[in-house]
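The chain contents come next:
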Amino acid sequence: MATEFVPPRVYRTDRRSPLRWLWSHARRHSWLFLLMFLGALGNGLAMGFIPMWTGRAFDALTSHPPRWEGVLRAAGMVAGLYALRAGLMLMRNFSAETIAQRMERDVRDEFYTALLGKSMAFHDRIPVGEIMARATNDVREINLMFAPGLNLVVGSLMFLFMPLVLGPRYHPALVAVPGVFLVGYVVLLFLYLRALAPLSMQVRKTFGRLSTHINEVLDGIETVKALGQEDYEIQRVERRTRAYRDAVIRQGYEEAKFWPFLFFSIALAAGAFHSLYLFWQGHLSVGDVVGYVGLLQLLRFPTFVSQFAYAQVALGLASARRLLEHLNFETPLDHNPQGYAGAMRGDVEFRDVWFGYEPDKPVLKGISFRVRAGMRVAIVGPTGAGKSTLVKLINRTYDVDRGAVLVDGIDVRDWNLGALRSQIAIIEQDVFLFSRSVRENIAFGKPDATQEEVETAARWAQAHQFILNLPRGYDSRVGERGVALSGGQRQRIALARAFLTDPRILILDDATSAIDSETEDEIQKAIFQVARGRTTFIITHRLSQIRWADWILVLEGGRLVAQGTHEDLLRTCEVYRRLFQLPLADAALLLPGRNGGHRASTAEEDGKET
Ligand code: ADP
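All of these numbers come straight from a predicted model, not from anything done at the bench.

Draft legend 1. Examining the overall build of the protein chain more closely. Along the protein chain, the regular secondary structure elements total 24 helices and ten strands. Structurally, the protein chain occupies a C-alpha span of about 130 × 50 × 45 Å along its principal axes. Residues classed as buried in the protein chain amount to 49% of the 610 residues present. When contacts within the protein chain are restricted to residue pairs at least 6 apart in sequence, long-range pairs at least 24 apart make up 75% of them. Total accessible area on the protein chain stands at roughly 30,500 Å², and carbon and sulfur atoms take up 59% of it. Taking the average location of the 71 positive side-chain charges in the protein chain and that of its 64 negative ones, the two points are 7 Å from each other.

Draft legend 2. Just the sheet that holds strand β10 (residues 559-564), in detail. Here six strands make up an open sheet; going across it, the order is β6-β7-β8-β3-β9-β10 and the pairing mixed. Both outer strands of the open sheet, β6 (424-427) and β10, are each paired with one neighbouring strand and no more. Taken over all neighbouring pairs, the strand axes of this sheet differ in orientation by 15° on average, direction set aside. In this sheet, strand β8 (residues 535-539) lies alongside strand β7 (residues 505-509) in parallel orientation, the contact comprising five bridges. Looking at the pairing, L506 lines up with T536 of β8. Packing against the sheet, helix α18 (residues 487-501) makes contact with β6 and β7, and its axis sits at approximately 175° to β6.

Draft legend 3. How the structure looks around the site of the ligand. Taken together, D124, Y357, V363, P382, T383, G384, A385, G386, K387, S388, T389 and Y398 make up the full set of residues near the ligand. Within the contact set of the ligand, an oxygen atom lies 2.9 Å away from a backbone nitrogen or oxygen of K387. Within the side chain of S388, a nitrogen or oxygen atom sits 2.7 Å from an oxygen atom of the ligand. In the complex, the protein chains occlude 61% of the 550 Å² of accessible area that the ligand would expose alone. For the shell around the ligand, the leading source of residues is helix α13 (residues 387-392), giving three residues.

Draft legend 4. Layout of the domain arrangement of the protein chain. Along its sequence, the protein chain is organised into domain 1 (18-29 + 94-327), domain 2 (336-423 + 505-518 + 535-610) and domain 3 (431-502). Placing the centre of domain 1 and that of domain 2 at their C-alpha centroids yields a distance of 56 Å.

Draft legend 5. How the structure looks around the pattern of salt bridges. Counted by the stated rule, this structure contains 30 salt bridges. Across the pair R204 and E141 runs a salt bridge, and its minimum N-O distance is 3.5 Å. With R204 in helix α6 (residues 176-219) and E141 in helix α5 (residues 128-166), this pair connects stretches of sequence that are 63 residues apart. Across the pair E358 and K361 runs a salt bridge whose closest N-O atoms are separated by 3.4 Å.

Thresholds applied
- Residues numbered from 1 in each chain as written.
- Predicted model: local features only at pLDDT ≥ 70, side-chain atom pairs only at ≥ 80, totals over all residues.
- Heavy atoms only, no water.
- Helix = DSSP H or I, 4+ residues; strand = E, 2+ residues; numbered from the N terminus.
- Buried < 20%, exposed > 50% of the residue type's maximum accessible area, 1.4 Å probe, protein only.
- Contact = heavy atoms within 4.5 Å.
- Areas by Shrake-Rupley, 256 points an atom, 1.4 Å probe, with all protein chains shown as cover.
- Lys, Arg positive; Asp, Glu negative; His and termini not counted.
- Charge placed at Lys NZ, Arg CZ, Asp CG, Glu CD.
- Pairing = 2+ DSSP bridges.
- Axes fitted to C-alpha atoms, helices over the stretch in contact; angles between N-to-C directions.
- Near = heavy atom within 4 Å.
- Polar contact = N/O pair within 3.5 Å; in protein donor to acceptor, adjacent residues only side chain to side chain.
- Domains from an automatic or database assignment.
- Salt bridge = Lys/Arg side-chain N within 4 Å of Asp/Glu carboxyl O.

As structure tokens, then:
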């Protein structure tokens, strides 16, 4: 028996803000963060001492006579520091990369798990393209945020402070250039990031629009072709592509005008001038000047990195916010694992049910009816009356706004959702088949079904014959949307799928209207077979199916305007007669026992056949 989806892993993350959320993931890798910080710190220190030792080598070389052992010691230190640095950088980069990959995996897991657990209200409202953009791009951004983003930010921070800390060791006045640089750097970086943020946002937005658009066009490609709108759609995609290109160029322009670089060059020149002046005054040695200028060179790394690393971190945060928007989308559906989970009989009752997809716009208004287990119920009414909506309340695809839906006398909200849904099968108008084999599609609700069970189900659903005629029988793959199969064939596969799960309540949103009459009879037969012994709701316009029903609900404008048997309704209900476009006098023709219209008598036979 199919059971309700149970997430493979439950993620307990703090979803109150992007930072808290990322932290609740990141903290699980705290020792990697420690390694990354230690690596960055050590690397920065090593890089600070390398120019100092280079300076000492100069001093040793320029003394009279040259102190060769001093030169050798300095050379040995520089070599040793570079070797140490290599190890530390490896540690830092390895940790950052591991963190980044693990973050991406965890975030993707959490996001995907959450998506499958979302209510239909969520999936109705958010286009698939939009979800896909977040599930792919934004999840990827979280990865890049940690490596290279955070890795470079942390790695370059030490470099920023080394000249400030070590410079004054030569002469206290040498704090000036690194000090001024630090202040100017922070201000310029702040201005740069502030100018860049809206442009990056624009890049993401235009890309989102582009991918949503392409997704939608491909999804509706049949319609596009049928209406000959290819040219128009190509133009529209072109417009979106151009908008994306323009946004990227604007962002690139801002990045190109990166002031901190110029500022760094000025600082380097000023520092060289300052130290040479002190040398001329006799306060510094040649080695000190070399060491100091070497220290200032360290500022190149943070300057270079800040052009993209901070923006990368900011992008990651923005992506985290976008992912959280979906994660935090309210899911009013309560799975109620403690709820009633017994075997179902199949009694269904609606008690003054009100429901709307949007607040204050009720689609169903005060529906009340009751059917006993095993009854065959037809739901009729004009398009948009709320028929499909009504049946979706039975398995809690949606929850009522007011009133209650009861199955076996128990409010559906008090059922264990898994138990409820696994005993109800809905066959939608537009049958969805996965691009897997026919067998897997039939066994979708019961993956461990044997071949025999699958075939039995297919026989009951009148599908066995045509499946055998497919190129590879039950192993034939179905196209992405089942395009290789006709509407009638898909519907019979859906019926087989339903039969296999042996539901107590079967719901059919019938769409046989576009099917030729021979197939129609097959489907009719399949429906009648599969429905046997189950409470069946069938949304239909077909007289044969209506006649087959024990009870008929007539819906109009969201209200249940009448209910009863076919004969009663023909006599008493104007709306019902209108459905068949019959004046009262002709309605009699549809009643049994007369020489009725052709469809009526065929329908009678259909009914008997089963
Ligand atoms: P029927 O099955 O009788 O044709 P439906 O139940 O499909 O009627 O639709 C009833 C009303 O609800 C219609 O006005 C329709 O536009 C609206 N509706 C149906 N599905 C949705 C949905 N997923 N989101 C918003 N409105 C919907």
